[in-house]
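Geometric and topological summary
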Amino acid sequence: MPCPAAVRKQMMRMPSAYQSVLEKFLVVDQILSEFLLTKEELKDVMRRMQREMDRGLRLETHDEASVKMLPTYVRSTPEGSEVGDFLALDLGGTNFRVMLVKVGEDEERGWKVETKHHMYSIPEDAMTGTAEMLFDYIAECISDFLDKHHIKHKKLPLGFTFSFPVRHEDLDKGILLNWTKGFKASGAEGNNVVGLLRDAIKRRGDFEMDVVAMVNDTVATMISCYYEDRSCEVGMIVGTGCNACYMEEMRTVELVEGDEGRMCVNTEWGAFGENGELEDFRLEYDRVVDESSLNPGHQLYEKLIGGKYMGELVRLVLMKLVNEGLLFNGEASDMLRTRGSFETRFVSQIESDTGDRKQIYNILSSLGVLPSELDCDIVHLACESVSTRAAHMCAAGLAGVINLMRERRYQDELKITVGVDGSVYKLHPRFKERFHKVVRELTPNCEISFIQSEEGSGRGAALISAVACKKAACLITP
């Protein structure tokens, strides 16, 4: 790319209309260049992540570590001989899913999994009211689902995917550390989540359920993808939020007794940065997003990546460009000035534009502005800058996890599969390729495959329940 001085010389010989366009692009480019991360910077993020992971695993530093590295008590993966009907619940955002999972035998693959599910929307008052209100609503949804499928008379084993930071004391007992993703239900933090669910089911009294396992959505995704590929030992979500889990050597998990084998660890890496590790990477837009969020000062890494924040980051960038007179003739609509008006799905749609700018024009028009072609191109660049940084930041985190796994196993080369779920990963047109490319660049001694999870959260919870039930049966059977 020519240097700015050379570009300016060329501009002197151009008609003034072209000069102003190029000048505008140079200034825009300079503003957006803040989002660019060099390979060295990404390596630095990766090393900082690994340091916090180590601190999270150690007993003496766990409490102050930003990356909590929570043991999940998931030690076994499905082997294929677990069969039966299971109910799976999936709570991780504003939608709540109930799923009936039939695990049956299959001659070729060992076992097959069939699912039926129903989605329920969680009302705002249940998200921000009391724990009792939230779990009563969940029990009501389960009751409705059992009625729909005529299975209320059955007492099924239940696997609960609960995608919030939890300190597990066993597979079916976990204390909620803190709410994220806009949830604020009082009386839940510091309590056993499975206990809250069991109490709500008891209060209803119209069905019985055996809650055998509670897992995080990353863990459920990993187990679900393991069903497709036995090399899958990492699970990751890039959706509303962002998190990862992986199979860690038991000798390094100091929070749980025992040195033999491996246990799945839920990193809760969304909180990375809470000890200042990301201060030199956070921009003015990130600080505004954080300050106006429900949890200022928390989940700082997640706020650089997650779909809950991506659209708002772009809106703040656009407002900066408007205020600098570089976009929409320096005038923004009331709608564009409104926090939350620029949805993350707009970022995906704008980057999917085929070049005729129609998609971009329609989105901006719906926000009350009438853009020129140049405006459309600048908005496209802003979206690209924010989403590319998100993909690269996320890649640095995953590369940290995978490199650590290779070192822990004393392997010169590691062959591994990563199971991934989440709306940003699945629906953004370029996120996946940008993310994969940087992960591979930062893990030179690893051969990495990626599997996109289908119905991972529910199916994975059911498969973990199946393993738990089979183990319990083995313990009971003489």
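Residues numbered from 1 in each chain as written. Predicted model: local features only at pLDDT ≥ 70, side-chain atom pairs only at ≥ 80, totals over all residues. Heavy atoms only, no water.

**Focus on the overall build of the protein**
The criterion, for reference: Per the convention used, a helix needs a DSSP run of H or I reaching at least four residues, while a strand needs a run of E reaching at least two, with both numbered from the N terminus. Contacts between residues were defined by any pair of non-hydrogen atoms, one from each residue, lying within 4.5 Å. Note that accessible areas follow from Shrake-Rupley with a 1.4 Å probe, and for residues the cover is restricted to the protein chains shown.
Secondary structure summary: the protein contains 16 helices and 13 strands in total. Contacts in the protein between residues far apart in sequence, at least 24 positions, make up 70% of those at least 6 positions apart. Surface summary for the protein: the accessible area is close to 20,800 Å², and the carbon and sulfur share equals 48%.

**What about the environment of Pro71?**
Within the fold, Pro71 resides in strand β1 (residues 70-71). Residue contacts for Pro71: discarding those within four places in its chain leaves His168, Val253, Leu255, Val256, Met263 and Cys264.

**Points about the environment of Arg459**
Heads up, the rule is: Each residue gets one of three labels from its accessible area relative to the maximum for its type: buried under 20%, exposed over 50%, partly exposed in between, using a 1.4 Å probe on protein chains only.
Mapped onto the elements, Arg459 comes out in helix α16 (residues 456-476). Relative accessible area serves as the criterion here: at 11%, Arg459 is assigned to the buried category. Apart from residues lying up to four places away in sequence, Arg459 is in contact with Met99, Val113, Ser224, Tyr227, Glu228 and Glu454.

**A word on the nonpolar core**
Defined as follows: Here, the term nonpolar core denotes a set of buried Ala, Val, Leu, Ile, Met, Phe, Trp, Tyr and Cys residues that are joined through side-chain atoms within 4.5 Å.
One finds Met236, Trp269, Phe342, Leu398 and Phe435 to be the most contacted residues of the largest nonpolar core, which totals 91 residues. In terms of residue count, helix α13 (residues 373-408) provides more of this core than any other element does, 19 residues in total. Apart from residues lying up to four places away in sequence, Met236 is in contact with Thr218, Thr221, Asn243, Ala244, Trp269, Cys394, Leu398, Val418, Gly419, Val420, Asp421 and Phe435. Tyr120, Ile122, Ile151 and Met209 belong to the second-largest nonpolar core, a separate cluster that totals 42 residues.

**Thoughts on the side chain of Asn192**
Applied cut-off: Pairs of N or O atoms are called polar contacts if they sit within 3.5 Å, as long as, within protein, a hydrogen donor faces a hydrogen acceptor (for residues adjacent in sequence, only side-chain-to-side-chain pairs).
Locating Asn192 in the fold gives a position in the loop between β7 (173-176) and α6 (193-204). Among the polar contacts made by the side chain of Asn192, one reaches the main-chain amide nitrogen of Gly174 at a distance of 3.2 Å. At 3.2 Å, the side chain of Asn192 and the backbone nitrogen of Val194 are in polar contact. Aside from chain neighbours lying at most four places away, what touches Asn192 is Asp172, Lys173, Gly174 and Ile175.

**Description of the sheet that holds β1**
Where we set the bar: Note on pairing: DSSP must find at least two bridges between two strands before they are called paired. Helix axes use the C-alpha atoms of the stretch in contact, all axes being lines fitted to C-alpha atoms, and the angles between their N-to-C directions lie in the range 0 to 180 degrees.
The strand order across the open sheet formed by six strands is β1-β11-β10-β9-β12-β13, and the pairing between neighbours is mixed. Unpaired on one side and paired on the other, β1 and β13 (446-452) mark the two borders of the sheet. Against the sheet, α13 engages β9 (232-238), β10 (242-249), β12 (414-421) and β13, with an angle of about 145° to β12. Contacts from helix α15 (residues 431-442) reach β9 and β13, with the element oriented near 160° to β13.

**Digging into the pairing of β7**
A regular strand places its side chains so that they alternate between the two faces of the sheet. Across four bridges, the pairing between strand β6 (residues 166-170) and β7 is antiparallel. Bridge assignment links Val166 to a residue of β7, and that residue is Leu176. Following β6, the chain reverses through two residues before pairing antiparallel with β7.

**What to know about empty space enclosed by the protein**
Convention followed: Only protein atoms enter the 1 Å grid, on which a cavity is a set of points fitting a 1.4 Å probe that cannot get out and a pocket is an open set with protein on both sides within 12 Å along at least 5 of 7 lines, lining residues being those with an atom within 4 Å of a point. Grid points are joined across faces, edges and corners, and a volume is the space filled by probe spheres set on the points. Only Asp, Glu, Lys and Arg are considered charged in this grouping, and only Ala, Val, Leu, Ile, Met, Phe, Trp, Tyr, Cys and Pro are considered nonpolar; every other residue, Gly among them, is considered polar.
Taken as a whole and judged by the stated rule, the model has two cavities of 30 Å³ or more. Looking at the largest cavity, its volume works out to about 110 Å³. In terms of lining, the largest cavity is formed by 14 residues, of which the most central are Ser163, Lys181, Asn243, Glu268 and Glu302. Residues belonging to the lining of the largest cavity are distributed by class as follows: four nonpolar, six polar and four charged. The space that makes up the second largest cavity amounts to roughly 60 Å³. Leu70, Thr72, Phe162, Phe164, Val166, His168, Met214, Val215, Asn216 and Asn266 are the residues that line the second largest cavity.

**Structural notes on the confidence of the model for the protein**
What counts here: Residue-level confidence of the predictor, termed pLDDT, takes values from 0 up to 100.
Per-residue confidence for the protein gives a mean pLDDT of 88, with 90% of residues at or over 70. Of the regions scoring below 50 in pLDDT, residues 4-12 engages in seven contacts with residues more than four places distant in sequence or in other chains. Contacts of residues 473-478 to residues separated by more than four positions or lying in other chains number zero contacts, the stretch itself having pLDDT below 50.

**Section: α6**
Under the convention used in this document: The span expected for a helix works out to 1.5 Å for each residue beyond the first.
An ideal rise of 1.5 Å per residue puts 16 Å on twelve residues; α6 measures up with 17 Å between its terminal C-alpha atoms. Looking only at α6, the buried set comprises Val193, Val194, Gly195, Leu196, Leu197, Ala200 and Ile201. On its buried side, α6 packs onto β2 (84-91), α5 (131-148), β5 (156-162), β6, β7 and β8 (209-215). Of the residues that open α6, the one with a side-chain oxygen 3.2 Å from the backbone nitrogen of Val194 is Asn192. Note on α6: the residue one or two positions beyond its end, Gly205, has a positive phi of about 75°.

**Focus on the packing of aromatic side chains**
Basically, it comes down to this: Classification of ring pairs uses Phe, Tyr and Trp, with its six-membered ring standing for Trp, and accepts pairs whose centres are within 6.5 Å; under 30 degrees between planes counts as stacked, over 60 as edge-to-face, and the remaining range as tilted.
Inspection of every chain in the model, using the stated rule, returns 13 aromatic pairs. Ring pairing ties together the aromatic residues Phe160, Phe162, Phe164, Trp179 and Phe183, which thus form one cluster.

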